[in-house]
Amino acid sequence: MTAEGRDHAISNVSLAQRAWNIRRKALLMGEVQGQGYIGQALGVADVLAASYFHALQYRAEDPEWEGRDRFYLSIGHYAIALYSVLMEAGILPENELETYGMDDSRMPMSGMASYTPGMEITGGSLGHGLGIAVGAALGLKRKQSPAFVYNLMSDGELGEGSTWEAVMSAVQWKLDNLICLVDFNNQQADGPTRDALAQGDEDKKWAAFGWHAQRVDGNDMDAIVAAFDAARNTDHAGPRVIIFDTKMCKGVDFLEAREITHFVRVEADEWAKALTKLEEGKPQ
């Protein structure tokens, strides 16, 4: 870890605490609108905490710093999760939390780069993020920049043909500055991912295409940190991918237990209950 651009990491706050803070912010924003992709935000919070407080080089006061690592949110409906970590990182002010999804807010319900500092791309049309990341990684390489590009995508995007075109392109261009993060929560709008399109051995598939591939528990912070370090430091002459198996609604047991969690229906009286359940698991 270098000192330059990493003042945000000089802190006694643990990664587990950061992840808990991210979950709490996401619930508070969800309560503002009474809805949102809360399941994904709670599930991927550990990955986001490790991304922004262990792996990424950035300057909170200068989100467009040329030397930064790029973090691309291919899955625009995860915006509530990214806003939460951007607030935790000091890129967005926390006093804007209650504007989530409102008119003229810098935090629309689906991520849009033109609205939000730290939101690198407008995602949401699934299957496009990795292709954009490939282009950015190639551009940075040609500028001889040491920066990395991280692309967070969903398991549903593994069913998009454009994703696999990007997978092949990244290998063709030997993009060893590209790290793809796959949130595998096995949930889509129509049901489990594996019921929507036959999948399995995803890490082996990526490796067969020429990527340095890892698969880890996306809610185990030690495993997440080790995977980030391995991805960044491997001498593999090509792109890297980490597939994270995550639990939807992680940290709020009564939401975890629901059968349908892609878009969680939370009743008005349940937001306070969810925050109380989260509080019970607060890191010491």
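What you see is a predicted model, and the numbers here were worked out from it, not measured in a lab. (Residues numbered from 1 in each chain as written. Predicted model: local features only at pLDDT ≥ 70, side-chain atom pairs only at ≥ 80, totals over all residues. Heavy atoms only, no water.)

**Student:** I tried to follow the sheet that holds strand β5 (residues 240-245) on my own but got confused; where do I start?
**Tutor:** Adjacent strands of a sheet form backbone hydrogen bonds with each other and so pair up, either parallel or antiparallel. Here 5 strands make up an open sheet; going across it, the order is β1-β2-β3-β5-β4 and the pairing parallel. Edge strands, defined here as strands with exactly one partner in the open sheet, are β1 (70-73) and β4 (212-217). Strand-to-strand twist in this sheet, taken as the mean axis angle between neighbours without regard to direction, amounts to 20°. (Pairing = 2+ DSSP bridges. Helix = DSSP H or I, 4+ residues; strand = E, 2+ residues; numbered from the N terminus. Axes fitted to C-alpha atoms, helices over the stretch in contact; angles between N-to-C directions.)

**Student:** Even after reading the chapter, I still don't get the nonpolar core, so can you show me in this structure?
**Tutor:** One broad trend across soluble globular proteins is that nonpolar side chains are buried collectively. Counting 64 residues, the largest nonpolar core has Leu27, Tyr52, Phe71, Tyr150, Leu181, Phe228 and Ile242 as its most contacted members. No other element matches the 12 residues that helix α2 (residues 38-55) contributes to this core. With near-sequence residues (within four places) excluded, Ile242 lies in contact with Ile179, Cys180, Leu181, Val182, Gln214, Val216, Ala227, Phe228 and Ala231. Among the nonpolar cores identified, the runner-up in size contains 26 residues, and Leu130, Leu138, Met153 and Ala170 belong to it. (Core = buried A, V, L, I, M, F, W, Y, C linked by side-chain atoms within 4.5 Å. Buried < 20%, exposed > 50% of the residue type's maximum accessible area, 1.4 Å probe, protein only. Contact = heavy atoms within 4.5 Å.)

**Student:** Explain empty space enclosed by the protein to me, please; I cannot follow it from the model alone.
**Tutor:** Think of a ball as big as a water molecule: rolled over the atoms, this probe shows where empty space is left. Inspection of every chain in the model, using the stated rule, returns 1 cavity of 30 Å³ or more. Estimates place the volume of the largest cavity at around 110 Å³. Lining the largest cavity are 14 residues, and of these Tyr52, Tyr58, Asp69, Ile91 and Glu120 sit closest to its centre. Residues that form the lining of the largest cavity fall into these classes: 7 nonpolar, 2 polar and 5 charged. (1 Å grid on protein atoms, 1.4 Å probe; cavity = no way out; pocket = protein on both sides within 12 Å on 5 of 7 lines; lining within 4 Å. Points joined across faces, edges and corners; volume = space filled by probe spheres on them. Nonpolar A, V, L, I, M, F, W, Y, C, P; charged D, E, K, R; others polar.)

**Student:** Can you walk me through helix α1 (residues 15-33) in this structure?
**Tutor:** Think of an α-helix as turning once every 3.6 residues; residues three or four places apart then point the same way. The first and last C-alpha atoms of α1 sit 28 Å apart over 19 residues, in line with the 27 Å expected at 1.5 Å per residue. Note on α1: the residue one or two positions beyond its end, Gly34, has a positive phi of about 75°. (Expected span 1.5 Å × (residues − 1).)

**Student:** Help me out: how do you make sense of the packing of α2 against helix α8 (residues 221-233) in this one?
**Tutor:** Two quantities define a packed helix pair, namely the angle between the helix axes and the distance between the axes. Put simply, α2 and α8 touch, their axes get as near as 10 Å, and they point 50° apart. In this view, α2 runs oblique relative to α8, as classed from their interaxial angle. In this structure, the crossing between α2 and α8 has a hand that is right-handed. Residues Asp46, Val47, Ala49, Ala50, Ser51, His54 and Ala55 of α2 touch α8, and the partners they reach there are Met221, Ile224, Val225, Phe228, Asp229 and Arg232. When grouped by side-chain class, the residues that make up the contact of α2 with α8 number 8 nonpolar, 2 polar and 3 charged. (Parallel < 35°, antiparallel > 145°, perpendicular 65-115°, else oblique. Left-handed = near helix turned anticlockwise from the far one by under 90°.)

**Student:** Just to check I follow, could you spell out the environment of Gly159 for this structure?
**Tutor:** When you line up the elements, Gly159 lands in the loop between β2 (149-154) and α5 (161-172). Put simply, Gly159 and Leu197 are 38 residues apart on the chain and 6.8 Å apart in space, counted from C-alpha to C-alpha.

**Student:** Would you mind showing me how to read the packing of aromatic side chains here?
**Tutor:** Here a ring pair, both rings aromatic, is described through the centre-centre distance and the interplanar angle of the planes. In total, this model carries 9 aromatic pairs according to the counting rule given. Residues Tyr52 and Phe71 carry aromatic rings whose centres are separated by 5.3 Å and whose planes lie at 55° to one another, so their mutual orientation is tilted. Taken together, the residues Tyr52 in helix α2 and Phe71 in strand β1 connect sequence positions 19 residues apart. Each of the two residues, Tyr52 as well as Phe71, counts as buried. Each ring, one from Trp206 and one from Trp211, has its centre 4.8 Å from the other, and the planes form 85°; the classification is edge-to-face. Accessibility assignment for this pair places Trp206 and Trp211 in one class, buried. Ring-pair connections join several aromatic residues into one group, and the members of that group are Phe148, Tyr150, Phe228 and Phe244. Above the ring of Trp173, the side-chain terminus of Arg142 is found at 5.4 Å from the ring centroid. The side chain of Arg215 reaches across the aromatic face of Phe184, ending 4.9 Å from its centre. (Phe/Tyr/Trp six-rings, centres within 6.5 Å; stacked < 30°, edge-to-face > 60°. Lys NZ or Arg CZ within 6 Å of the ring centre and 35° of its normal.)

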